[in-house]
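Report on the structure
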Amino acid sequence: MLTFINWISVWAIPVIIAFVPLYAFTKKVPVYESFVDGAKDGFSTAISIIPHLVGMMVAISVFRASGALDFVIQFFTPLVSWMGVPGEVLPLGILRPLTGTGSLAFTTDLIKTYGPDSMIGRMASTIQGSTDTTLYVLTVYFGAVGIRNGRYALKVGLFSDVVGFIAALAICLIVFG
């Protein structure tokens, strides 16, 4: 079974890359022209999201530099430690909805410090895969397409991040604890 999964993982991307243009060619779609049109649209989209991206980066920098992140972490560390969760992974629950790059850098530091097979490394990796960059998505993508009222998306996104964070911790404690 493992050999079959390895075979699929090696061939899946090349097969898809070859299949899509061939299928488009058989349907008489101008493949190159369609690609160029998509690339032009991509540039205009990238330019339109820059102000939203800069605003989000400034907000995250202010949140971290003001000490608010440290305050929240100090507040919740005794609670998670009581439940058997290392306090070192708590910042991921806060950073991940804000910034993917920041949380990935934090995860990388945890893995370098404690190792990938430690409980902290496993929890950090699982949290990284179980949550999303909700505020980034709302700010950049919703702003790019002109959605002005994202409050329900914010509530659902943050709730799903909390559920993903708690589930990641629980599953790691059950499987590896």
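Worth saying up front: this structure is predicted, and the values here are computed from it rather than measured. (Residues numbered from 1 in each chain as written. Predicted model: local features only at pLDDT ≥ 70, side-chain atom pairs only at ≥ 80, totals over all residues. Heavy atoms only, no water.)

We now examine helix α7 (residues 134-145). Taking 1.5 Å of rise per residue, the 12 residues of α7 would be expected to cover 16 Å, and the 16 Å separating its terminal C-alpha atoms lies within 8% of that figure. Every buried residue of α7 is listed here: Thr134, Leu138, Val140 and Gly143. Buried-residue contacts for α7 involve α2 (31-65) and α8 (151-176). Trailing α7 by a residue or two, Gly146 shows a phi angle of about 85°, which is positive. (Helix = DSSP H or I, 4+ residues; strand = E, 2+ residues; numbered from the N terminus. Expected span 1.5 Å × (residues − 1). Buried < 20%, exposed > 50% of the residue type's maximum accessible area, 1.4 Å probe, protein only. Contact = heavy atoms within 4.5 Å.)

Looking now at the nonpolar core. Ranked by size, the top nonpolar core spans 18 residues in total, and within it Val85, Val89, Leu110, Met123, Ile127 and Leu169 carry the most contacts. Mapped onto this core, the elements with two or more residues apiece are α3 (68-82), α4 (90-95), α6 (119-130) and α8. When neighbours within four sequence positions are excluded, Ile127 is seen to be in contact with Val89, Leu92, Phe165, Ala168 and Leu169. (Core = buried A, V, L, I, M, F, W, Y, C linked by side-chain atoms within 4.5 Å.)

Under the UniProt annotation, "domain: Nucleoside transporter/FeoB GTPase Gate" (unreviewed entry) lies at residues 47-147. Secondary structure content for residues 47-147 is 78% helix and 0% strand, while the C-alpha to C-alpha distance between its ends is 17 Å. (UniProt positions renumbered as here; feature names shortened; annotations may be inferred.)

One can describe the packing of α7 onto α8 by two numbers: an axis separation of 9 Å at closest approach and a directional angle of 150°. With respect to α8, the element α7 is oriented roughly antiparallel. Counted together, Thr134, Leu135, Leu138 and Phe142 of α7 and Ala153, Leu154, Gly157, Leu158 and Asp161 of α8 form the full contact between these two elements. Here the residues of the contact of α7 with α8 are counted per class, giving six nonpolar, two polar and one charged. (Axes fitted to C-alpha atoms, helices over the stretch in contact; angles between N-to-C directions. Parallel < 35°, antiparallel > 145°, perpendicular 65-115°, else oblique. Nonpolar A, V, L, I, M, F, W, Y, C, P; charged D, E, K, R; others polar.)

Despite not being glycine, Lys28 has its phi angle at roughly 65°, a positive value. With respect to the helices and strands, Lys28 occurs in the loop between α1 (2-26) and α2.

A few words now on the packing of α2 against α7. Interhelical geometry of α2 versus α7 gives an angle of 155° and a closest axis separation of 8 Å. Relative to α7, the element α2 is oriented roughly antiparallel. α2 and α7 meet at a crossing whose hand is right-handed. For the pair α2 and α7, contact is made by Ser48, Ile49, His52, Leu53 and Met56 and by Leu135, Tyr136, Thr139, Val140, Gly143 and Ala144, respectively. Within the contact of α2 with α7, the residues separate by chemical class into seven nonpolar, four polar and no charged. (Left-handed = near helix turned anticlockwise from the far one by under 90°.)

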